[in-house]
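Each chain is listed here by its residues.
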Amino acid sequence: MAIRPILTAPDPRLKLISKPVARVDDELRRLMDDMLETMYDAPGIGLAAIQIGVPQRVIVMDLAKKDEPPQPAYFVNPEITWRSEEFAAYEEGCLSVPEMYEDVERPARIRARWLDYDGQPVEQECDGLLATCLQHEMDHLEGVLFIDHLSKLKRDIILRKMVKAKKRAG
Ligand code: GNR
Ligand code: NI
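As a starting point, this report considers the structure included with it. Worth saying up front: this structure is predicted, and the values here are computed from it rather than measured. Each chain carries its own residue numbering, running from 1 in the written order of its sequence. Here every chain gets a letter starting at A, and every ligand a number starting at 1, in the order they are written. Only residues with pLDDT of at least 70 are given local features in this predicted model, and only at 80 or more are side-chain atom pairs given and counted; all residues enter the totals for whole chains, interfaces and linings. Side-chain metrics in this entry use all non-hydrogen atoms of the structure; hydrogen atoms and water are not considered.

Some details on the pairing of strand S2 (residues 58-61)
Part 1 of the reasoning: Three labels apply to residues, based on accessible area from a 1.4 Å probe with only protein chains included: buried if under 20% of the type maximum, exposed if over 50%, partly exposed otherwise in between. Strands here are runs of E lasting at least two residues and helices are runs of H or I lasting at least four, both read from the DSSP assignment and numbered beginning at the N terminus. Side chains of S2 alternate between two faces, with Val58 and Val60 and Ile59 and Met61 buried alike.
Part 2 of the reasoning: Where strand S1 (residues 46-48) lies against S2, three bridges are found, and the strand directions are antiparallel. Residue Gly46 lies in a different strand from S2, and its bridge partner there is Met61.
Part 3 of the reasoning: Direction of pairing for S2 relative to strand S3 (residues 73-83): antiparallel, over a ladder of four bridges. Looking at the pairing, Val58 lines up with Val76 of S3. By the convention used here, strands pair only if DSSP detects at least 2 bridges between them.

As for the side chain of Arg106
Part 1 of the reasoning: Structurally, Arg106 is set in strand S5 (residues 97-107).
Part 2 of the reasoning: Residue class for Arg106 comes out buried when judged on its relative accessible area of 4%.
Part 3 of the reasoning: Whenever a nitrogen or oxygen atom comes within 3.5 Å of another N or O atom, the pair is scored as a polar contact, on the condition that within protein one atom can donate a hydrogen and the other can accept it, and that pairs from neighbouring residues in sequence are kept only if both atoms are in side chains. Among the polar contacts listed, one links the side chain of Arg106 to the side chain of Asp139, at a separation of 3.0 Å.
Part 4 of the reasoning: In contact with Arg106, not counting residues within four places along its chain, are Glu86, Phe87, Ala88, Glu92, Thr132, Gln135, His136, Asp139, Phe146 and His149. In this analysis, two residues are considered to be in contact whenever any of their non-hydrogen atoms come within 4.5 Å of each other.

Comments concerning the nonpolar core
Part 1 of the reasoning: Nine residue types can take part in a nonpolar core, namely buried Ala, Val, Leu, Ile, Met, Phe, Trp, Tyr and Cys, and a core is a set of them joined through side-chain atoms within 4.5 Å. By size, the foremost hydrophobic cluster in this structure holds 16 residues, and its most contacted members are Leu28, Leu31, Met32, Met35, Val58 and Val60.
Part 2 of the reasoning: Of all the secondary structure elements, the ones that give two or more residues to this core are helix H1 (26-41), S2 and S3.
Part 3 of the reasoning: Apart from residues no more than four positions distant in its own chain, Met32 is found in contact with Val24, Val58, Val60, Tyr74, Val76 and Tyr117.
Part 4 of the reasoning: In terms of nonpolar packing, the next biggest core, distinct from the first, is built from 15 residues, Phe75, Cys126, Cys133 and Met138 among them.

A short note on the coordination of the nickel ion (ligand 2)
Part 1 of the reasoning: Donors, by definition, are the N, O and S atoms found within 2.8 Å of a metal, the threshold being 3.2 Å for Na, K and Ca, and water is not counted, so a site can look incomplete. Binding of the nickel ion (ligand 2) to the protein goes through Cys94 (SG), His136 (NE2) and His140 (NE2), at separations of 2.1 to 2.3 Å.
Part 2 of the reasoning: In primary sequence terms, the donor set of the nickel ion (ligand 2) follows C-x41-H-x3-H. Of the two residues, Cys94 sits in strand S4 (residues 87-94) while His140 sits in helix H2 (residues 128-141), which places them 46 residues apart along the sequence. In terms of burial, Cys94 and His140 fall into one category: buried.

Overview of the site of ligand 1
Part 1 of the reasoning: Surveying the vicinity of ligand 1 reveals 13 residues, the closest of which are Ile45, Gln51, Leu95, Glu137 and His140.
Part 2 of the reasoning: Interatomic distance of 2.6 Å between a side-chain N/O atom of Glu137 and an oxygen atom of ligand 1.
Part 3 of the reasoning: Within the side chain of His140, a nitrogen or oxygen atom sits 2.9 Å from an oxygen atom of ligand 1.
Part 4 of the reasoning: For the accessible areas, the method is Shrake-Rupley and the probe is 1.4 Å, while residue cover comes only from the protein chains on display. Against a free-state accessible area of 380 Å², the protein chains account for coverage of 90% of ligand 1.
Part 5 of the reasoning: Listed by contribution, the elements that provide at least two residues to the shell around ligand 1 are S4 and H2. Being near a molecule or strand, for a residue, comes down to having at least one heavy atom within 4 Å of it.

Listed below in structure tokens is the structure:
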């Protein structure tokens, strides 16, 4: 397994639309292992493949609390099949927009289907943090960041801060 560098905004690769995975094989499982290790190291609760520069429709996640055993979860080619009319706000952050946090409103509950680590189909209703995080990660597959849900003014302020921080870091 390997920790890979995480792309940060405004890297143009974060705007790519990721391609469906043709099959879940050992090579893809190696990618998912690297993604999980990279996510734990960051640390974060979710990671989309494009965040390490791989434009494939793959997401890893672990929503276990600090005192709980790890709960790695893998989502290949995820699709949302139902969204609740009710919305919920959650203060979101993103490893590709470090140290910035803002409330984002999304459907409170969704039904989604995907392939798991073994390529088996799963369909599940999601709520709470899982619904928020899965929608955040699925946005990455479409080249969308959580700041794209904010006003242009807020987004531009955050992007200017990001560019300045990158310049400082050299
Ligand atoms: O680590 C993360 N935390 C988080 C908090 C609230 C809503 C979404 C997230 S996902 C984020 C990791 C990340 O950037 N995934 O793409
Ligand atoms: Ni993110």
